[in-house]
Amino acid sequence: MSSPVIRAEDLTKRYGGVLALDRVSFEVAEGEIFGFLGPNGAGKTTTINLLTGLARPDAGRILYRGEETTGRMKRAQRLLGVVPDESNLYPELTGLENLGFCGALYGMRKRPREERARELLQLFGLEGAAGRRFSGYSKGMKRRLAIAAALMHRPPILFLDEPTTGIDVESARRIRGLLAEMNREGVTIFLTTHYIEEAERLCRRIAFIAAGRILRVDFLEELLEPLKGKHMLRLTLSREIDDRLGELSRAFPAIAFAALAGKRCRLESAAPVALGPIVRFLEECGIEVLEAVRLRPSLEEVFVEITGIEAEAMRREREPRPAGGTA
Amino acid sequence: MRQAIAFWNILLKDMRAYYLKPPNVSWGILFPLAWTAMFFIKSGSGPERWREVLPGVAAISILFGTTSMLAVTVTFEKKGRSFERLLLAPISLELLMFAKTAGAILFGVANAFVPFAIAAFFVDLVPFAWGTALPAVLLLAVSSTFLGLFIAVSVSEVFEAQTFSNFFRFPMIFLCGLFFPIAHLPWFLQPLAYLFPLTYGVDLLRHSLQLPAMLSPAVDFGVLGLFCWALFAFSLRNVRRRWIL
């Protein structure tokens, strides 16, 4: 790995009696997209807050380009662009004014910041909305402007906290494309997400975090390596299968069975799986197979294995709830 | 230079977003006007007493103008998370908070001169010591603004900012010598009057209009300066402790 541009050493943070981060350590190399993947409450936002100066660690060290900045983050903030999980731009200002103001906070003079703002508005497809108040933007537009605002002062490091959560598919796709483009231009990206596919599509290295602890940090290829040559299926059944797992394993010893939430189970084997005998066996046990899906070896499988958290459950956590729904 | 650009743009943004909005401008004019009218109606006296009333009305205009605006705008930005954007900028917390308060200070100064401008049409304000009045108005605006900042960083909701502001403002109005001379207050309330910056500001404005005052201008300036420093320092400490968790 090339020299680390960000280095976190044993970062620990407590909020009252809750241990939000427990000795979190990782490095981010210059020019890479580093993914921080975990469910709600895992410590992703806390980590970003510590790394950007919005919070102070109780213990541990933060180094940017080899220089320790723990407790004096103002020294590092010029290097950083930050896109929070919720928009923090000014609703009463227009898109252009918001970008201009953000540039001014980093000491940019009027003409360069106006030129930069127009360049970014064009790049992010917002030039038509430059004169509109931010409060009138759609969610996707707001998110794009927030990213543009973070890039105003041309920071070499960009932090993004859940950049595509809660926005439409088209906007999310566009944002991913823009992030890849920013990265090609040399921007190091630290991305937190709970969308596994997003991490898999964008990131070079990924850290799995759950309950404030880093469970694994590795290159995407390394994470996927154990799945190469594996055959996986996911079955949706008429009832829960937990009580039949032992029988299934004995009947089909070459296949590993795992029960999933929502009356589903996962099958994993080194050889291709013949579905017919399994369906018949289950039918004899009074369980109907409603659906069988062949799974492509993906990061989702690795994530489930390492964290024990089901990807589907994590995905549902942050999806907008229907109006009138309960939490 | 970079710090100056950031400072100027924070101030400019706040002026445009909050202080120069028509409702606030009209409030800045109507509020002193209403207080002045109230004094005359209550006392039943004519313009000959205007000079006596002016220090109090100007001081109250500053106090209400600055504390109301700053306490609410800072709390509002904190709640809406746009304050985080400022905390992420590579500018010192001192400069940032000074930039955030500069708009309110200017608003307070402008408010103070409304009653003076109105009075100048009706009575002769000469003799008037500008050399005392200008720094007095400025220091009063700074101390009141920093009181607003202290309130803003001590609460988390906008409505709390309003309520907490009144907790300070109303005792100040009644005890600063505006309604009753401090010497006429019950003995146990008299020490309280000296705990409020408004008391010293009113006293200085009385000096500038060459009206009888309690303390020397040097003491008034010194104590007001001390209030400014203490309120600002305490507010910064609270921001570091409560907002940068």
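Let me sum up the structure you'll find in this document.

Rules behind the numbers
- Residues numbered from 1 in each chain as written.
- Chains lettered and ligands numbered in written order.
- Predicted model: local features only at pLDDT ≥ 70, side-chain atom pairs only at ≥ 80, totals over all residues.
- Heavy atoms only, no water.
- Helix = DSSP H or I, 4+ residues; strand = E, 2+ residues; numbered from the N terminus.
- Rg over C-alpha atoms; globule rule 2.2 N^0.38 Å.
- Buried < 20%, exposed > 50% of the residue type's maximum accessible area, 1.4 Å probe, protein only.
- Contact = heavy atoms within 4.5 Å.
- Areas by Shrake-Rupley, 256 points an atom, 1.4 Å probe, with all protein chains shown as cover.
- Lys, Arg positive; Asp, Glu negative; His and termini not counted.
- Charge placed at Lys NZ, Arg CZ, Asp CG, Glu CD.
- Core = buried A, V, L, I, M, F, W, Y, C linked by side-chain atoms within 4.5 Å.
- Pairing = 2+ DSSP bridges.
- Phe/Tyr/Trp six-rings, centres within 6.5 Å; stacked < 30°, edge-to-face > 60°.
- Patch = residues over 30% accessible without salt bridge, like charges linked within 9 Å, V, L, I, M, F, W, Y side chains within 5 Å.
- Salt bridge = Lys/Arg side-chain N within 4 Å of Asp/Glu carboxyl O.
- Expected span 1.5 Å × (residues − 1).
- Disulfide = S-S within 2.5 Å.
- Axes fitted to C-alpha atoms, helices over the stretch in contact; angles between N-to-C directions.
- Parallel < 35°, antiparallel > 145°, perpendicular 65-115°, else oblique.
- Left-handed = near helix turned anticlockwise from the far one by under 90°.
- Nonpolar A, V, L, I, M, F, W, Y, C, P; charged D, E, K, R; others polar.
- Buried area = accessible area lost by both parts, 1.4 Å probe.
- Polar contact = N/O pair within 3.5 Å; in protein donor to acceptor, adjacent residues only side chain to side chain.
- Arc of directions from axis to C-beta.

**Notes on the overall build of chain B**
- A count of helices and strands for chain B gives 10 helices and 0 strands.
- Sequence-ordered secondary structure for chain B, helices as α and strands as β, is α-α-α-α-α-α-α-α-α-α.
- Computed over C-alpha atoms, the radius of gyration of chain B comes to 18 Å, within 12% of the 18 Å expected from 2.2 N^0.38 for 245 residues, which places it in the range of a compact globule.
- In terms of overall dimensions, chain B has C-alpha extents of about 55 × 40 × 35 Å along its principal axes.
- Residues counted as buried form 54% of the 245 residues belonging to chain B.

**So, the overall build of chain A**
- Within chain A, the secondary structure is distributed over 11 helices and 14 strands.
- Taking the principal axes of the C-alpha coordinates as reference, chain A spans close to 75 × 40 × 40 Å.
- Every one of the 327 residues in chain A was classed for burial, and the buried ones make up 53%.
- In chain A, the share of contacts with a sequence separation of at least 24, taken over all contacts with a separation of at least 6, comes to 69%.
- Carbon and sulfur atoms make up 49% of the accessible area of chain A, which amounts to about 14,600 Å² in all.
- Side-chain charges in chain A split into 50 positive and 46 negative, and the spacing between the mean points of these groups amounts to 5 Å.

**Details of the nonpolar core**
- By size, the foremost hydrophobic cluster in this structure holds 119 residues, and its most contacted members are F26, L51, Y64, F159 and F190 of chain A together with M97 of chain B.
- Contact partners of Y64 of chain A, with chain neighbours within four places excluded, come to V5, I6, L51, T52, T69, M73, A76, L79, L80, I157 and F159 of chain A.
- Within the second largest apolar cluster, 51 residues are counted, among which are C102, L120, A146 and V187 of chain A.

**Some points on the pairing of strand 12 (residues 255-260) of chain A**
All names here are of chain A.
- Alignment of strand 12 against strand 13 (residues 264-269), held across 6 bridges, turns out to be antiparallel. Looking at the pairing, A256 lines up with E268 of strand 13.
- Connecting strand 12 to the antiparallel partner strand 13 that follows it, the hairpin turn spans 3 residues, and G262 within it adopts a positive phi of roughly 75°.

**Considering the packing of aromatic side chains**
Residues and elements named next belong to chain A.
- For the coordinates displayed, the defined rule picks out 27 aromatic pairs over all chains.
- Considering the side-chain rings of F26 and F190, the 5.7 Å spacing of their centres and the 35° angle between planes classify their relative orientation as tilted. One end of the pair, F26, is in strand 2 (residues 18-29); the other, F190, is in strand 8 (residues 188-193), with 164 residues separating them in the sequence. Here F26 and F190 have matching classes, each one buried.

**A look at a nonpolar patch on the surface**
Residue and element names in this part refer to chain B.
- Residues M38, F170, F174, F179 and F180 make up a contiguous nonpolar surface patch of roughly 440 Å² in combined accessible area.
- Examined against the element boundaries, F179 turns out to sit in the loop between helix 7 (158-175) and helix 8 (190-193).
- We classify F179 as partly exposed; its relative accessible area is 31%.

**A look at a positive patch on the surface**
All names here are of chain B.
- On the surface, a cluster of positive charge is made up of K78, R237, R241 and R242.
- For the positive patch, the element with the most residues is helix 10 (residues 217-243), which contributes 3 residues.
- Mapping R237 onto the fold places it in helix 10.
- Note on R237: relative accessible area 39%, which makes it partly exposed.

**Comments concerning helix 10 of chain B**
All names here are of chain B.
- Counted at 1.5 Å a residue, the expected span for helix 10 with its 27 residues is 39 Å, and the 38 Å between its end C-alpha atoms agrees.
- Residues of helix 10 that are buried: D220, L224, F227, C228, L231, F232, S235, L236, N238, V239 and W243.
- In this structure, the buried side of helix 10 is in contact with helix 3 (50-79), helix 4 (82-87), helix 5 (93-122), helix 6 (130-152) and helix 9 (197-208).

**What to know about the state of the cysteines**
- Within this structure, the stated rule accounts for 0 disulfides over all chains.
- Distance from the sulfur of C285 of chain A, which forms no disulfide, to the nearest cysteine sulfur (C265 of chain A) is 12 Å.

**Overview of the packing of helix 2 (residues 95-105) of chain A against helix 4 (residues 139-151) of chain A**
Residue and element names in this part refer to chain A.
- Where helix 2 meets helix 4, the closest approach of the two axes is 8 Å, and the angle between their N-to-C directions is 30°. If you check the angle between helix 2 and helix 4, you find them roughly parallel. As for how helix 2 packs across helix 4, the hand of that crossing is right-handed. Between helix 2, through G95, N98, L99 and C102, and helix 4, the contact on the second element is made entirely by L145, A148 and A149.
- Its residues assigned to classes, the contact of helix 2 with helix 4 shows 5 nonpolar, 2 polar and no charged.

**Observations regarding the interface of chain A and chain B**
- Contacts between the two partners involve 31 residues from chain A and, on the opposite side, 27 residues from chain B.
- Surface buried jointly by chain A and chain B totals about 2,800 Å² across both partners, of which 56% is contributed by carbon and sulfur atoms.
- When the buried area of chain A at its contact with chain B is split by residue, L54, N88 and L105 of chain A rank highest and sum to 24% of it.
- Our count for the contact surface shared by chain A and chain B stands at 3 salt bridges.
- A salt bridge links R81 of chain B to E86 of chain A; the nearest nitrogen and oxygen atoms lie 4.0 Å apart.
- Linking chain A with chain B are 10 residue pairs in polar contact (both at pLDDT 80 or more), by the criterion used here.
- Elements that contribute at least two residues to the side of chain A that touches chain B include exactly strand 1 (4-15) and helix 2 of chain A.
- Here the side of chain A that touches chain B gets 5 residues from one element, more than from any other, and that element is helix 2 of chain A.

**A few points about the environment of V57 of chain B**
All names here are of chain B.
- Checked against the element boundaries, V57 lands in helix 3.
- The class of V57 is buried, set by a relative accessible area of 1%.
- With 18 residues separating them in the primary sequence, V57 and F39 have C-alpha atoms 8.8 Å apart.

**What to know about the side chain of T236 of chain A**
- Among the secondary structure elements, T236 of chain A is positioned in strand 11 (residues 231-237).
- Not counting residues up to four positions away in its chain, the partners in contact with T236 of chain A are K263, R264, E288, V289, L290 and E291 of chain A.

**Notes on helix 3 (residues 110-123) of chain A**
- For helix 3 of chain A, which comprises 14 residues, the first-to-last C-alpha distance of 20 Å matches the rise-based estimate of 20 Å (1.5 Å per residue) to within 8%.
- By the burial criterion, the buried members of helix 3 of chain A are R113, R116, A117, L120 and L121 of chain A. Projection of helix 3 of chain A onto a plane perpendicular to its axis shows the buried side chains occupying an angular sector of 135°, all on one side. Facing away from the buried surface of helix 3 of chain A by more than 90 degrees, the exposed residues are R111, E115 and Q122 of chain A.
- Residues of helix 3 of chain A that are buried sit in contact with helix 2 and helix 4 of chain A together with helix 1 (2-19) of chain B.
- Within two residues after helix 3 of chain A, G125 of chain A carries a phi angle of roughly 65°, on the positive side.

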